[in-house]
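Listed below are the residues making up each chain.
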Amino acid sequence: QVQLVESGGGLVQAGGSLRLSCAASGRTFSSSAMGWFRQAPGKEREFVATIMWNGNTYYQDSVKGRFTISRDNAKNTTYLQMTSLNPEDPAVYYCAAARSYSRYYRTDPTGYDYWGQGTQVTVSS
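Rules of the game
- Residues numbered from 1 in each chain as written.
- Predicted model: local features only at pLDDT ≥ 70, side-chain atom pairs only at ≥ 80, totals over all residues.
- Heavy atoms only, no water.
- Pairing = 2+ DSSP bridges.
- Helix = DSSP H or I, 4+ residues; strand = E, 2+ residues; numbered from the N terminus.
- Axes fitted to C-alpha atoms, helices over the stretch in contact; angles between N-to-C directions.
- Buried < 20%, exposed > 50% of the residue type's maximum accessible area, 1.4 Å probe, protein only.
- Disulfide = S-S within 2.5 Å.
- Salt bridge = Lys/Arg side-chain N within 4 Å of Asp/Glu carboxyl O.

Caption draft 1: Quick peek at the sheet that holds strand 8 (residues 77-82). Strand order in this open sheet of four strands is 1-3-8-7, and the pairing throughout is antiparallel. Only two strands of the sheet have a single partner each, and these edge strands are strand 1 (3-7) and strand 7 (67-72). Across the sheet, the mean angle separating the axes of adjacent strands is 15° when strand polarity is ignored. Where strand 3 (residues 18-25) and strand 8 come together, six bridges link them in antiparallel fashion. Bridging from a neighbouring strand, arginine 19 pairs with glutamine 81 of strand 8.

The structure is reproduced here in structure tokens:
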């Protein structure tokens, strides 16, 4: 059974940093894209960042230069380092994994097959 478990969310002051982790179990995802999405109350789930099997990354414009996605295939874990957090960033953050290899960036939720339960990020002003 495949599981993705996020951790690292919490409350942080505006301008602060958090690092989210996503630990996968049940299979390895070294050949697959991994992604982070977020969903704020009353809004649709939106793409944040993705990392390909080869380490190439792609970000939503609003987080470029502030967020960094990375992966440690030996640990089957993906990370999202978030800095300069601002009042537009609070949401539940979800980790996602694709079942199979793709040469293209996956920015739509339908491009992913496995999802974590989410971790809350709150930013105080």
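Having seen the structure, we can now continue with the description.
Caption draft 2: How the structure looks around the pairing of strand 8. Summarising burial for strand 8: five of the six residues are buried, a large majority. Here strand 7 hands over to strand 8 after four residues, with asparagine 76 in that stretch at a positive phi of 55°.

Caption draft 3: Region of the structure containing the state of the cysteines. For the structure on display, the rule yields one disulfide. Disulfide pairing is shown between cysteine 22 and cysteine 95; the S-S distance is 2.0 Å. Across the S-S bond of cysteine 22 and cysteine 95 the torsion is about -75°, and the bridge reads as left-handed. Taken together, the residues span a long stretch of sequence, with cysteine 22 in strand 3 and cysteine 95 in strand 9 (residues 91-97) at a distance of 73 residues. Judged by its relative accessible area of 0%, cysteine 22 falls in the buried class.

Caption draft 4: Main features of the pattern of salt bridges. Summed over all chains, the structure comprises five salt bridges. As a salt-bridge pair, glutamate 46 and arginine 38 come within 2.6 Å of each other at their nearest N and O atoms. Here arginine 38 falls in the buried class, since its relative accessible area comes to 4%. Aspartate 89 is the salt-bridge partner of arginine 38, the closest N and O atoms lying 3.0 Å from each other. You can see arginine 38 sitting in strand 4 (residues 34-39) and its partner aspartate 89 sitting in the loop between strand 8 and strand 9, a full 51 residues away along the chain. Comparing arginine 38 with aspartate 89 shows no difference in burial state: the two are buried. A network of salt bridges, in which partner residues are shared, links Arg38, Glu46, Arg66 and Asp89.

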